[in-house]
There are 2 protein chains.
Amino acid sequence: LKQQERIAFRLQFLELHSTDQRFVFLSLNEQERTLVYEYITPQEFAEIFQGLDNMEQGWAARELEEEYLAKVLDEMYSDDVADFLGSLSGERQASILAALEEQGSADVRELLSYPEETAGAVMTKEFISVRSDQTIQEVIERLRRETPNAETIYYIYVTDAAGHLVGVVSLRELITSSPEKTIEKVMGKKVISTSVTTDQEDAAHLISEYDLLAIPVLTHNDVLVGIITVDDVIDILEEEATEDVGELSASRGATDVNVTAVQAAKKRAPWIVLLMFLGLITANVIGQFEETLEAVALLSAFIPLIMDSAGNTGTQSLAVAVRSLATGSVERKGVIQLLKRELGIGILLGIISAIVLIGIIRIFYGNLILAVIVATSLFLTLSVAALIGAIFPLIINKLNIDPAVASGPFITTLNDIIGLLIYFTIATSLLQYL
Amino acid sequence: LKQQERIAFRLQFLELHSTDQRFVFLSLNEQERTLVYEYITPQEFAEIFQGLDNMEQGWAARELEEEYLAKVLDEMYSDDVADFLGSLSGERQASILAALEEQGSADVRELLSYPEETAGAVMTKEFISVRSDQTIQEVIERLRRETPNAETIYYIYVTDAAGHLVGVVSLRELITSSPEKTIEKVMGKKVISTSVTTDQEDAAHLISEYDLLAIPVLTHNDVLVGIITVDDVIDILEEEATEDVGELSASRGATDVNVTAVQAAKKRAPWIVLLMFLGLITANVIGQFEETLEAVALLSAFIPLIMDSAGNTGTQSLAVAVRSLATGSVERKGVIQLLKRELGIGILLGIISAIVLIGIIRIFYGNLILAVIVATSLFLTLSVAALIGAIFPLIINKLNIDPAVASGPFITTLNDIIGLLIYFTIATSLLQYL
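Along each chain, residue indices are assigned from 1 in the same order as the chain's sequence is written. Think of it this way: whatever chain is written first is A, whatever ligand is written first is 1, and the rest follow in order. For a predicted model such as this one, the threshold for reporting local features is a pLDDT of at least 70, and the threshold for listing and counting side-chain atom pairs is 80 or more; totals across whole chains, interfaces and linings nevertheless cover every residue. With hydrogens and water set aside, each side-chain value is computed from the structure's full complement of heavy atoms.

**Q** Please give an account of the nonpolar core that cites residues and values.
**A** Note on soluble globular proteins: their nonpolar side chains tend to be buried together. Counting residues in hydrophobic clusters, the biggest one holds 156 residues, and the most contacted among them are Phe45(A), Phe49(A), Leu171(A), Phe45(B), Phe49(B) and Leu171(B). The contacts of Phe45(B), once residues within four sequence positions are left out, are Phe25(B), Tyr37(B), Ile40(B), Leu64(B), Tyr68(B) and Val72(B). The term nonpolar core refers to a set of buried residues drawn from Ala, Val, Leu, Ile, Met, Phe, Trp, Tyr and Cys, joined through side-chain atoms within 4.5 Å. Each residue is placed in one exposure class: buried if its accessible area under a 1.4 Å probe, protein chains only, is under 20% of its type's maximum, exposed if it is over 50%, and partly exposed if it falls in between. Counting residues in hydrophobic clusters, the runner-up holds 79 residues, among them Leu305(A), Ala371(A), Ala269(B) and Leu298(B). Whether two residues touch is decided by their heavy atoms; if any such pair falls within 4.5 Å, the residues are in contact.

**Q** Please give an account of the pattern of salt bridges that cites residues and values.
**A** For this analysis, a salt bridge means a side-chain nitrogen from Lys or Arg found within 4 Å of a carboxyl oxygen belonging to Asp or Glu. One pass over the structure, following the stated rule, counts 20 salt bridges over all chains. Residue Glu44(A) is joined to Arg10(A) by a salt bridge in which the shortest nitrogen-to-oxygen separation is 2.8 Å. Of this pair, Glu44(A) sits in helix H4 (residues 42-49) while Arg10(A) is found in helix H1 (residues 2-13), placing the two residues 34 residues apart along the sequence. Salt-bridge contacts for Arg22(A) lead to Glu209(B); the nearest nitrogen and oxygen are separated by 2.8 Å. Of the two residues, Arg22(A) is situated in helix H2 (residues 18-26) and Glu209(B) in helix H14 (residues 200-209); the pairing between them involves two chains. Overall, Glu209(B) belongs to the partly exposed group, its relative accessible area being 25%. Helix numbers and strand numbers start at the N terminus; a helix is a DSSP run of H or I with at least 4 residues, a strand a run of E with at least 2.

**Q** Can you tell me about the environment of Glu201(B), naming the residues and giving the values?
**A** By the secondary structure assignment, Glu201(B) is in helix H14. When the C-alpha positions of Glu201(B) and Glu117(B) are compared, they lie 8.0 Å apart, and in sequence the two are 84 residues distant.

**Q** Pulling in residues and values, what's your account of the sheet that holds strand E6 (residues 224-229) of chain B?
**A** All names here are of chain B. Should DSSP find at least two bridges between two strands, the strands are taken to pair. Taking strand neighbours across the sheet as the criterion, the three strands line up as E4-E5-E6 in an open arrangement whose pairing is mixed. Edge strands, defined here as strands with exactly one partner in the open sheet, are strand E4 (194-195) and E6. Direction of pairing for E4 relative to strand E5 (residues 214-218): parallel, over a ladder of two bridges. Each residue of the ladder has a partner; that of Ser195, found in E5, is Leu218. What counts as an axis is a line fitted to C-alpha atoms, over the stretch in contact for a helix, and the angles between N-to-C directions run from 0 to 180 degrees. Against the sheet, H14 touches E4, E5 and E6, its axis set at about 140° to E5.

**Q** Would you mind going over helix H11 (residues 136-146) of chain A in detail, with residue names and values included?
**A** Regarding H11(A), the residues found buried are Ile136(A), Val139(A), Ile140(A) and Leu143(A). Angularly, the buried residues of H11(A) cover 95° about the axis, an arc narrow enough to put them on a single face. Packed against the buried residues of H11(A) are strand E1 (129-130), strand E2 (155-159), helix H12 (171-176) and helix H13 (183-186) of chain A together with helix H11 (136-146) and helix H12 (171-176) of chain B. Our arc is simply the arc of the directions from the helix axis toward the C-beta atoms.

**Q** Before we move on, could you go through the confidence of the model for chain A and cite the residues and values that matter?
**A** Per-residue confidence for chain A gives a mean pLDDT of 87, with 94% of residues at or over 70. Confidence of the predictor in every single residue is expressed as pLDDT, which spans 0 to 100. Confidence, read as mean pLDDT per element, is least for helix H19 (residues 329-333) of chain A in chain A (69) and greatest for strand E5 (residues 214-218) of chain A (97).

Written as structure tokens, this is what we have:
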């Protein structure tokens, strides 16, 4: 009976796309998953395992026997294995590495030796390289014969005897050229490439900018050691976009929806508490002007307006700067250009807001001096806020500091403090006229 | 002499990758650009033109003669032509369409007929389709003979006589299978596809989720009418990421760095002014409690703290919800699950913040009642703020309203108002003990 069940399951399950197999797998309970491991081979399960995120891989790996897991990993591309092993403790990593086939184990060790988020760490070792004196016919025969274990066969890289990259030819060009030509004749010699130590985001931008399906990764002596494929680039870009959103919202590393409320709160609480301390600084700033406030309590009513406007303008400039850094347009247009522009925008927004506000406050509060105080403060605050919003991420980026410290709430709080200082200083100096 | 100059320019310039040609082209002045148009053919310029953004295409097109421009467009893939024409006025669009070759013109008209940002509007018509009874040898011969004008030849789609999609085979499979087999034998029959009316972002997620190089686009009768390739998907995902950042910062549509300060200020000013009006509502809320404030001016000092904490918690939850929507994880895990989680996080953050704060205020201000008022307000505010931050983008998404109205600053302002109402209500009711 069990044998029949196994056959029936395999027939249905293996017909699915591996992505759909993964969705089905994730919907099963532990007991059902044990049956899956029994019914399908490690080679078949590798397709599912490589698509899981690190947390899911963690518990799946704990459910598998050591031998089965090693076979699963032997079947996967080196970049996926390195990504999984990188999420484990050093001890567990070593014990799994020891169980892998020799070549695969060496490849993965190499990837793990590069710093995180570099091209070297995310590349895959499974690429195709040929010599320039081979004919197209020979190369196609080889592709046909070997059914190679390469992640892509659409770009074929050409290397010399020492492994230096000398050219590239696409399968499209191979197919559409006459078979007796040598690779030398058809290959492109100006190859867009990246280096093992390049940031993964920069490598991803090269693929996106040049519309490539993969990019070769070289050592500092131009030896070809791996490739990054376009599907990994999409993952990198999505990851970086999530980081950008995290920067704007002080939830860096905490936008993951796969964790429980308690785990997420643990990650988010330090930010909230830290920002609360910054809020206490703001409280202290206002406290300095207690006498002014006791004289004219109505002044408090405009605290939120000054704060919100400063925060909003700063966040807009921050968003522009963050996206400019992410898409590389800062490098093309220049930093000074960007800052001048944002300062200009801040001044313009300040003038517009001040004019609108002076009218409204006169009408609703019938108090011209109050209107002038609030409007002047707003004008000065917005001009400064726009500049600070743009300048901070640029400095942070230049200094290679964790950009989380330039995140939206920090800039907002900084702008709050500046704005309130401007507001209360002006208000205090004009207090006698109020 | 000019002839020699032309040859020298062509030799150097055409050796560059088209992306680098584009960078060089963009660094030239108008007079130099005129020489480029003269020195290189429309077919060669098409490679540069298709990579320009819409604004750059606009001025380049105005510098070109009508006939040259038509030849440039005839050389480009239909999706790129439609993207360019979509940015022009109806009149100019019609006059250019009339100058194009018949087939290309019809293809582009079809793309322009679909609503913006749907799969139908961004797909390309240049794909390869074959019949299932052809042999692999025949198909490869055809690819070799026709050197086809297809955007990708790595996926070959299989259709029946009526044009319905019945299968797909990759060039990789063609190359590695024996040439005498029919396509029927090697093709995959479960094809991941999308429909002309599907949102471009959903189509992009399919490519990313299933690690594809292209996805076929079908009409509602399953007729294959186009494909979307992975390089366009990267552009779509980057565009959507920029939109997400815009949503968080009320600068939607204003993060473009290619416009002048005045143009950017024009786009950003309405948001800032609108948000200023919301700030006036907050001012009004505080104004209601003028008597309380006159009694205890120190209460104003904690306005920023309540506002910042409410804003930060709300923005964190917003970031989680926005990324969950963008990566599709909401659909997999469920809305209720997400909301329960964020409420839980809000309550936890509220408890942590309240405990920290009660200690600090007692120590620095020596006022237990004040500490209790602020801490209780903070606890209630954070619980509500987390829920509002998550619930808003989900509602907006459900109702298909422009998500800009759920942007960070709006939620922040809403949370400010709620937080201050809670704070002053509690403070007023406990005023006698202060």
